[in-house]
Amino acid sequence: MFQKDLGLSDLFDIYAPLLTEKKREVFLMYYSDDLSLAEIAEQTGTSRQAVRDLLGRTGDELRSFEKALGLYEKFKTLSRLSDSLSASREKITDSDARRAADSLTAAIGELL
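Residues numbered from 1 in each chain as written. Predicted model: local features only at pLDDT ≥ 70, side-chain atom pairs only at ≥ 80, totals over all residues. Heavy atoms only, no water.

### Brief notes about the overall build of the chain
We apply this condition: Runs of E in the DSSP output that reach at least two residues are strands. Runs of H or I that reach at least four are helices, and both are numbered from the N terminus. Taken over C-alpha atoms, the radius of gyration is set against a globule rule of 2.2 Å times the number of residues to the power 0.38. Pairs of residues are marked as contacts when any of their non-hydrogen atoms sit within 4.5 Å. Each accessible area value is a Shrake-Rupley result obtained with a 1.4 Å probe; residue values ignore everything except the protein chains displayed when judging cover. When charges are counted, Lys and Arg contribute as positive and Asp and Glu as negative, whereas His and the chain ends are disregarded. Throughout, a charge is located at the NZ atom of Lys, the CZ atom of Arg, the CG atom of Asp or the CD atom of Glu.
What the chain contains, in helices and strands, is six helices and zero strands. For a compact globule of 112 residues, the expected C-alpha radius of gyration is about 13 Å, and the chain comes in at 20 Å, more than 25% above that figure. When its C-alpha atoms are laid out on the principal axes, the chain stretches across 65 × 25 × 20 Å. Summarising the internal contacts of the chain: among those between residues at least 6 apart in sequence, 56% fall at separations of at least 24. Element-wise, carbon and sulfur atoms account for 54% of the exposed surface of the chain, whose accessible area totals about 7,300 Å². Across the chain, 16 positive and 20 negative side-chain charges occur, with their mean positions spaced 4 Å apart.

Have a look at this one:
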């Protein structure tokens, strides 16, 4: 049985523009609309196996993009840093240090 890799949804959010329209469409039908392979095959006029193969290639492509670019890992790192900085800036008493922490928090927030 074909298993859904829900971690691919995070990669899709970042790398979807790099995929073909067909791959984006089928991915969304399967992961967002929760359609079965048979339902997607019927809607796209292909076989269930063709849909399965396309989803497999799409997953491979998304993982390849992440391996080459690492944008999702960078996003997670920035998100953790932002959370940590937000929590610790409340404890900062020096006004210059607090302003610096506020500036860093804002800059990271813009990146996210």
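### So, helix α4 (residues 48–69)
Note the following rule: Multiplying one less than the number of residues by 1.5 Å gives the expected span of a helix. Relative accessibility under 20% of the residue-type maximum defines a buried residue, over 50% an exposed one, and the middle range a partly exposed one, all with a 1.4 Å probe and only protein chains included. For this quantity, the arc is that covered by the directions from the helix axis to the C-beta atoms.
In this model α4 runs 32 Å from its N-terminal to its C-terminal C-alpha over 22 residues, within 8% of the 32 Å that 1.5 Å per residue would give. The set of residues buried in α4 consists of V51, L54, L55, T58, G59, L62, F65 and E66. Looking down the long axis of α4, one finds its buried residues gathered within 140° of arc, a one-sided arrangement. Of the exposed residues in α4, the ones pointing more than 90 degrees away from its buried face are K67 and A68.

### A short note on the nonpolar core
Side chains that are nonpolar tend, in soluble globular proteins, to be buried together. Quick reminder of the rule: Residue types Ala, Val, Leu, Ile, Met, Phe, Trp, Tyr and Cys, when buried and joined through side-chain atoms within 4.5 Å, form a set referred to as a nonpolar core.
Membership of the largest hydrophobic core comes to 21 residues, with the highest contact counts inside it found for I40, V51, L55 and L62. Those elements that provide at least two residues to this core are α1 (7–15), α2 (21–31), α3 (37–44) and α4.

### Some remarks on the pattern of salt bridges
For clarity, the threshold we go by: Each reported salt bridge corresponds to a side-chain nitrogen of Lys or Arg within 4 Å of a carboxyl oxygen of Asp or Glu.
For the coordinates displayed, the defined rule picks out five salt bridges. Between E61 and K23 there is a salt bridge, and its shortest N-O distance comes to 2.4 Å. Of the two residues, E61 is situated in helix α4 and K23 in helix α2; the sequence distance between them amounts to 38 residues. Assessed through its relative accessible area of 14%, K23 is described here as buried. In this structure, R63 engages D60 in a salt bridge whose closest nitrogen and oxygen atoms are separated by 3.1 Å. Of the two residues, R63 and D60 are both situated in helix α4; the distance of three residues between them amounts to about one turn of the helix.

### Section: the side chain of T44
The line we're drawing: Side-chain atoms alone can form a polar contact between residues adjacent in sequence; in general such a contact is a pair of N or O atoms within 3.5 Å, and within protein one must be able to donate a hydrogen while the other accepts it.
Summarising the element assignment, T44 is placed in helix α3. Among the residues examined, T44 registers a relative accessible area of 17% and is labelled buried. Reaching out from T44, the side chain makes a polar contact with the side chain of T46 at a distance of 2.9 Å. Leaving out residues up to four positions away in the same chain, T44 has contacts with K22, E25, V26, M29 and V51.

### Remarks on the environment of L11
By the secondary structure assignment, L11 is in helix α1. Judged by its relative accessible area of 8%, L11 falls in the buried class. Considering only alpha carbons, one finds L11 and G70, 59 residues apart in sequence, at a separation of 9.9 Å. Setting aside chain neighbours within four positions, we find L11 in contact with A16, L62, R63, E66 and Y72.

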